[in-house]
Amino acid sequence: MKEIQQELFNPNDFNSAQLVIVLTNNATRTEIREGKCFIDGVPSKIKEDNSVKFIEFLERGLVIEAPSHTCAMGHQIMLDIQLIAPKGTESHHFHTTTKVKSVEIIEGNRQQIHLSLVQYDEKSWQKLRSFFEVRQNEIEDFFNLVKGN
Amino acid sequence: MGDTPEKPLSEKRAQEKSEKEQVVSTEQMKQVFRKYVSDRKIVIADEAASSRAGLAKTLVELGAKTININMAGNLQVAEEEIARVKPHVVLCDYDIGRGLGLTLLQKQRQSQPETKSSLFILVTGNTSQAAVAQAAEEDVDTYIIKPYTLEILRRQMMKAAMAKIKPDPYFQTIDKGKELLLNGQIEEAMATFNAAMPLNPKPSLACFYLGQANLMKEALDQSHNHYNSGLNYNKIHYKCLVGLFELLQRRNQYIEAYDVVKRISQYFPANPQRLSSVLRLAIVTKNYDDIEGFYQTFTNMDTRSEEMIRYVCAALVVCGKYYLQKRFNTRAYSLFQKAAATGTGRTKILREIVVNLTSEKLANEAKEYLARFPAESRQSPDFIISEYLVLDLQYSDLKSIDEGRKLIQAGIQDAIIFKTMIRRAATGNRLEALEHSLIQAKKLFPDQAREFDGIAGIKP
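Residues numbered from 1 in each chain as written. Chains lettered and ligands numbered in written order. Predicted model: local features only at pLDDT ≥ 70, side-chain atom pairs only at ≥ 80, totals over all residues. Heavy atoms only, no water.

Q: Looking at this model, I keep getting lost on the interface of chain A and chain B. Mind explaining?
A: How big an interface is tends to be stated in terms of accessible area lost as the parts join. Facing the 37 residues of chain A at the interface are 60 residues of chain B. Both sides of the chain A and chain B interface together cover about 4500 Å² of buried area, and 61% of this is carbon and sulfur. Between chain A and chain B we count four salt bridges in total. When the shortest N-O distance is used, the salt bridge between D139 of chain B and K147 of chain A registers 3.1 Å. Taken together, chain A and chain B are joined by 20 residue pairs in polar contact (both at pLDDT 80 or more). When residues in the side of chain A that touches chain B are grouped by element, the largest group, 13 residues, is from helix α2 (residues 122-147) of chain A. For the side of chain A that touches chain B, the class distribution of residues is 18 nonpolar, eight polar and 11 charged. (Contact = heavy atoms within 4.5 Å. Buried area = accessible area lost by both parts, 1.4 Å probe. Salt bridge = Lys/Arg side-chain N within 4 Å of Asp/Glu carboxyl O. Polar contact = N/O pair within 3.5 Å; in protein donor to acceptor, adjacent residues only side chain to side chain. Helix = DSSP H or I, 4+ residues; strand = E, 2+ residues; numbered from the N terminus. Nonpolar A, V, L, I, M, F, W, Y, C, P; charged D, E, K, R; others polar.)

Below, the structure is given as structure tokens:
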């Protein structure tokens, strides 16, 4: 029966990589984790979207979306990024101190933040980037195969 | 550490030429894309505002006009925008709120039937193979994962557009063949697809359309051969796999069809309708062990859609019914338990289990499942019917018929109630009740007339 299970479908196919991000801004004494915002260690009572989303890789930085008032230009932000990969692929932990290069207020009480890496491990950074590059290439190859391109 | 040895001059020149060609072709791509996108209407659907803004900015940099870009932060707004704007280009996330971005693809196709020049691009944080496979199945133009680099974003968008705007000779020839096929010019279409074959080292798509053309001519053997040829070039060519599966079903070659649909499921796992095909064929081909195997795999999945749950539960119940009929009661009970546990609170599943148990007169076991109906469902038809079936096992003929009549008068007009009344009237020799029940049953359920007659002992 195990052979049949492996043949039919792989439950792992339904699992996506997850990025768990903890953001700390010492200037505003703010920490954002697990969808909650903490100021001086106390959870904020304001009901809003407190997620931190990783949108884009820059060469030596990243673009994220975070709740409003998270930071301002010039602030130093610490990011702890946990990449939880589907079973069978290696998960990864990347920690960095960054500097806020620009902040743009966007709708829904959110900020788009451009960060440049200040303190980080190069290998760890490349490993994080590589996971998504490799996956993108795999997807492209799969699409080409499926469609017969 | 020594110096890297100098490359020969000829190799250097070849490399420079290749890089120059690459730069030229990227430039050409940018120009072509700019021309394409400059007057196209675009909808960007993503919950994340910064994602929408970033995509819009990139599109503008590549030549789109800001005025032509429409944003949507949720599925409903996206659907409205697509209906209003009729965009050629849609960029959306795979998951939009609780909804599926792929549903927008159908909306776009309805609003913009000219699929040759339209683009549907997924830009998403969902990296799962199931999502990717589903997108490929639906013929999405490209799938870009977040977080992306600008280079990848631009490259993927331009490549997708180029494939549509300037398809290579192979795809151009196939497109010509498709048009001929649509116009019913089968022989000309086949000649065109044959002409396409040498234009690609792995011409699975041409094979697929040759298969389709032969299907239209009712040349099923040739159709079968072409699909297989396509799969020899590329074993996961989706169209060839599905074409072959549908042909095998049509030819009632269920065992072979089952093998093919299992293969499709392996590469394209996310389609609930296909899961139902797999489960149905597992039953038809009596591969009941496979259903239990499916269930094991299913329970290991983190995300299970409502449809998948329904199909798996239904298959477990059918499997259980089979084992009951074979007198493998313990196995049957185990399957019913799994179905009830997986389909927690789903009254249709519980009702089917009760139907199967009461048909084998297993009153105590049926009562157990009656007790599992949620409190809030005790007034539902599923519960009331299930209760009737359990009580029927202890009623006299007259009482059963009477209680059945009350339910029908109360508006619970289910075929199974009639079947029970007809059976009891026939076995109790209550001819008037039998005639009355038959007339009423056939009037309400004419498609089951034969079955009612069969229960009543009336030969055709």
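Q: Would you mind going over helix α8 (residues 186-196) of chain B with me for this structure?
A: Note that an α-helix has 3.6 residues per turn; residues three or four places apart therefore point the same way. All names here are of chain B. Listed in full, the buried residues belonging to α8 are I186, A189, M190, T192, F193 and A196. The arc enclosing the buried residues of α8, seen along the axis, measures out at 160°, which places them on a common side. The secondary structure elements touched by the buried residues of α8 are α7 (169-182) and α9 (204-216). (Buried < 20%, exposed > 50% of the residue type's maximum accessible area, 1.4 Å probe, protein only. Arc of directions from axis to C-beta.)

Q: Can you help me understand the packing of aromatic side chains in this one?
A: How two aromatic rings sit relative to each other is given by the distance of their centres and the angle of their planes. Using the criterion set out here, one finds 20 aromatic pairs over all chains in the structure. A centroid spacing of 6.4 Å and a plane angle of 55° characterise the contact between F143 of chain A and Y143 of chain B, whose relative ring orientation is tilted. Residue F143 of chain A is located in helix α2, and its partner Y143 of chain B is located in strand β7 (residues 142-145); the two belong to separate chains. Since its relative accessible area comes to 6%, F143 of chain A is described here as buried. For Y143 of chain B, a relative accessible area of 1% corresponds to the buried category. By way of ring pairs, the aromatic residues F54, F57, F94, Y120, W125, F131 and F132 of chain A are connected into one cluster. Residue placement shows R33 of chain A over the ring face of F38 of chain A; its charged tip is 4.1 Å from the ring centre. The residue whose ring lies beneath K399 of chain B is Y395 of chain B, and the NZ or CZ to ring-centre distance is 5.5 Å. (Phe/Tyr/Trp six-rings, centres within 6.5 Å; stacked < 30°, edge-to-face > 60°. Lys NZ or Arg CZ within 6 Å of the ring centre and 35° of its normal.)

Q: Would you mind going over unusual backbone geometry with me for this structure?
A: The phi torsion of most residues other than glycine is negative, and most of the peptide bonds are trans. Omega for the peptide link from K146 of chain B to P147 of chain B comes to -5°, which places this bond in the cis form. Within the secondary structure layout, P147 of chain B lies in the loop between β7 and β8 (148-149). In this structure, H69 of chain A is a non-glycine residue whose phi angle is positive, near 65°. Position of H69 of chain A among the secondary structure elements: in the loop between β6 (61-67) and β7 (76-84).

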